Amino acid sequence: MDENLFECVVTDEYEGYRIDKLISELIDSFSRSYIKKLIDDKKVFCNDKNVKASYVVSENDVIKMEIPPLEVPEILPQDIPLDIIYEDRDVLVVNKPKDMVVHPAPGHYKDTLVNAVMFHCKNLSGINGVLRPGIVHRIDKDTTGSVIICKNDTAHREIAAQLKEHSIDRIYHAICYGIIKEDEGDVDAPIGRSPSDRKKMAVVSKGGKEAFTHYRVLKRFEQDNLTYIECKLKTGRTHQIRVHMAHIGHPLLGDEVYAPGRKSKFKTNGQCLHAKTLSFVHPVSGDYIETDAPLPAYFQHLLDVLK
């Protein structure tokens with residue numbers, strides 16, 4: 001398929017959607033405002049006719065959208081210190097700090113993990129293009145912990161396949177609001193864009209992707225009404241742990257997006273979530289690799305205070 005042309009046939013689940021909302025549901029990487037600009041520029045067609053952003057689609061409508069080539073500035077290496085947990089000629093596992101974006105994006109081309117890794121490594125996989133060299137998965141800006149970087153395309157393809165098959169074990173530690181009574185449990189609920197706020201994800205009844213999180217209580221802090229948990233991901237949807245824990249009434253401490261209005265005396269600079277353990281099969285040697293990212297200082301201090 002032409003990478004500069006998006007085409008789809010409207011299914012029954014999307015009948016009655018505005019065309020701009022439909023396209024934003026199907027292409028996560030495009031903002032609603034960017035899609036509207038393409039519509040205004042007459043780059044979007046429904047049944048071979050230009051339409052407005054407010055156009056309501058019907059089942060079996062054929063949508064086509066011309067996507068202009070993106071102008072991407074050169075991404076430059078930066079001498080930013082890295083906390084390296086594991087490294088060989090094929091892969092690198094880094095313990096990402098808080099307040100660091102994983103890869104560049106429009107309007108944010110510096111001070112990312114990619115900029116730091118480009119300084120550290122001479123070569124990285126190129127499968128994800130110039131904005132995301134070496135990046136096969138990511139974690140949120142305010143989430144700390146393990147991220148795999150691939151140094152060549154062979155490693156990238158193999159690690160991506162393991163992620164797709166859910167064979168990479170990813171264990172997170174988090175502190176959430178409220179006291180979880182059961183010692184462990186599962187959240188099996190599909191995740192998609194929130195119908196009320198495109199910037200958020202949510203558990204949705206239709207149009208979402210399968211999402212499964214297993215959680216286990218590590219410690220309860222009754223006096224402060226908080227619970228320290230471990231979460232193991234079977235899938236890796238955007239904001240999965242944050243959305244799932246909020247869905248069952250236990251949003252993460254400090255999560256300004258999914259725990260609005262929750263008050264706490266503890267300052268965490270965003271959600272209290274850490275990607276601690278990462279286990280995978282080495283993409284070249286076939287060896288089993290397990291890495292552990294120590295808790296960041298703020299997280300460990302918080303646990304010490306709660307004890």
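Residues numbered from 1 in each chain as written. Predicted model: local features only at pLDDT ≥ 70, side-chain atom pairs only at ≥ 80, totals over all residues. Heavy atoms only, no water.

*Asks:* Sorry, what's going on with the overall build of the protein here?
*Replies:* A tally of regular secondary structure across the protein gives 6 helices and 15 strands. A compact globule built from 307 residues would reach a C-alpha radius of gyration of about 19 Å, and the protein, at 21 Å, matches this within 12%. Along the first, second and third principal axes, the C-alpha set of the protein runs to 65 × 45 × 35 Å. Here the protein, with 307 residues, has 48% of them falling under the buried criterion. (Helix = DSSP H or I, 4+ residues; strand = E, 2+ residues; numbered from the N terminus. Rg over C-alpha atoms; globule rule 2.2 N^0.38 Å. Buried < 20%, exposed > 50% of the residue type's maximum accessible area, 1.4 Å probe, protein only.)

*Asks:* What should I look at first to understand unusual backbone geometry in this one?
*Replies:* Its identity as a non-glycine residue notwithstanding, asparagine 47 has a phi of 55°, on the positive side. Within the fold, asparagine 47 resides in the loop between β2 (44-46) and β3 (49-50). Overall, asparagine 47 belongs to the partly exposed group, its relative accessible area being 37%. Not every positive phi belongs to a glycine, and aspartate 99 is a case in point at roughly 65°. With respect to the helices and strands, the residue aspartate 99 is situated in the loop between β6 (91-96) and α3 (113-120).

*Asks:* Sorry if this is basic, but what is going on with the pairing of strand β12 (residues 212-221) here?
*Replies:* As a general feature of sheets, a regular strand has side chains that alternate between the two faces. As paired strands, strand β9 (residues 184-188) and β12 are joined by 5 bridges and run antiparallel to one another. Within β12, the position partnered with aspartate 186 by the bridge is histidine 214. Note that β12 and strand β13 (residues 226-233) share 8 bridges and pair antiparallel. Bridge pairing in β13 links lysine 219 to tyrosine 228. Between β12 and β13, which pair antiparallel one after the other, the connecting turn spans 4 residues, and asparagine 225 there sits at a positive phi close to 55°. (Pairing = 2+ DSSP bridges.)

*Asks:* What's the story with the layout of surface pockets in this structure? I'm lost.
*Replies:* Sizing a probe to match a water molecule and rolling it over the atoms shows the empty space that remains. The volume enclosed by the second largest pocket comes to roughly 260 Å³. Here the lining of the second largest pocket is built from residues that sort into 4 nonpolar, 6 polar and 5 charged. (1 Å grid on protein atoms, 1.4 Å probe; cavity = no way out; pocket = protein on both sides within 12 Å on 5 of 7 lines; lining within 4 Å. Points joined across faces, edges and corners; volume = space filled by probe spheres on them. Nonpolar A, V, L, I, M, F, W, Y, C, P; charged D, E, K, R; others polar.)

*Asks:* For this particular structure, what's the right way to read the environment of lysine 181?
*Replies:* Secondary-structure assignment places lysine 181 in the loop between β8 (169-177) and β9. Lysine 181 sits 70 residues away from proline 251 along the chain, and the two C-alpha atoms are 15 Å apart.

*Asks:* I'm lost on helix α5 (residues 240-247) in this one. Help?
*Replies:* Each α-helix winds once per 3.6 residues, and so residues spaced three or four apart point in a common direction. Along α5, 6 of the 8 residues are buried, which leaves the element largely enclosed by surrounding structure. Here α5 has its buried residues at Gln240, Ile241, Arg242, Val243, His244 and Met245. Residue glycine 249 follows α5 closely and has a positive phi angle near 90°.

*Asks:* Would you mind going over the pattern of salt bridges with me for this structure?
*Replies:* Where side chains of opposite charge bring their charged atoms close, a pairing between them can arise. In the structure shown here, the tally under the stated rule is 16 salt bridges. For aspartate 40, the salt bridge is made with lysine 36, and the minimal N-O distance between the two is 3.0 Å. Pair noted here: aspartate 40 and lysine 36 are both in helix α2 (residues 32-40), with a separation of 4 residues, about one helical turn. Classification of aspartate 40 as partly exposed rests on a relative accessible area of 48%. For lysine 37, the salt bridge identified is with aspartate 41, shortest N-O distance 2.9 Å. Here lysine 37 falls in the partly exposed class, since its relative accessible area comes to 48%. Among the residues examined, aspartate 41 registers a relative accessible area of 39% and is labelled partly exposed. Salt bridges sharing partners connect three or more residues here, namely Arg138, Asp140, Arg242 and Asp255. (Salt bridge = Lys/Arg side-chain N within 4 Å of Asp/Glu carboxyl O.)

*Asks:* Whenever I open this one, the packing of helix α1 (residues 19-26) against α2 confuses me. Can you help?
*Replies:* To characterise two packed helices, one gives the angle between the axes of the helices and the distance between these axes. Remark: α1 packs on α2, axes separated minimally by 9 Å, with the N-to-C direction vectors making an angle of 125°. As summarised for this structure, α1 and α2 are arranged oblique, according to the angle between their axes. Relative to α2, the crossing made by α1 is right-handed. Touching Ile19, Asp20, Lys21, Ile23 and Ser24 of α1 are Arg32, Ile35 and Ile39, all from α2. Its residues assigned to classes, the contact of α1 with α2 comprises 4 nonpolar, 1 polar and 3 charged. (Axes fitted to C-alpha atoms, helices over the stretch in contact; angles between N-to-C directions. Parallel < 35°, antiparallel > 145°, perpendicular 65-115°, else oblique. Left-handed = near helix turned anticlockwise from the far one by under 90°. Contact = heavy atoms within 4.5 Å.)

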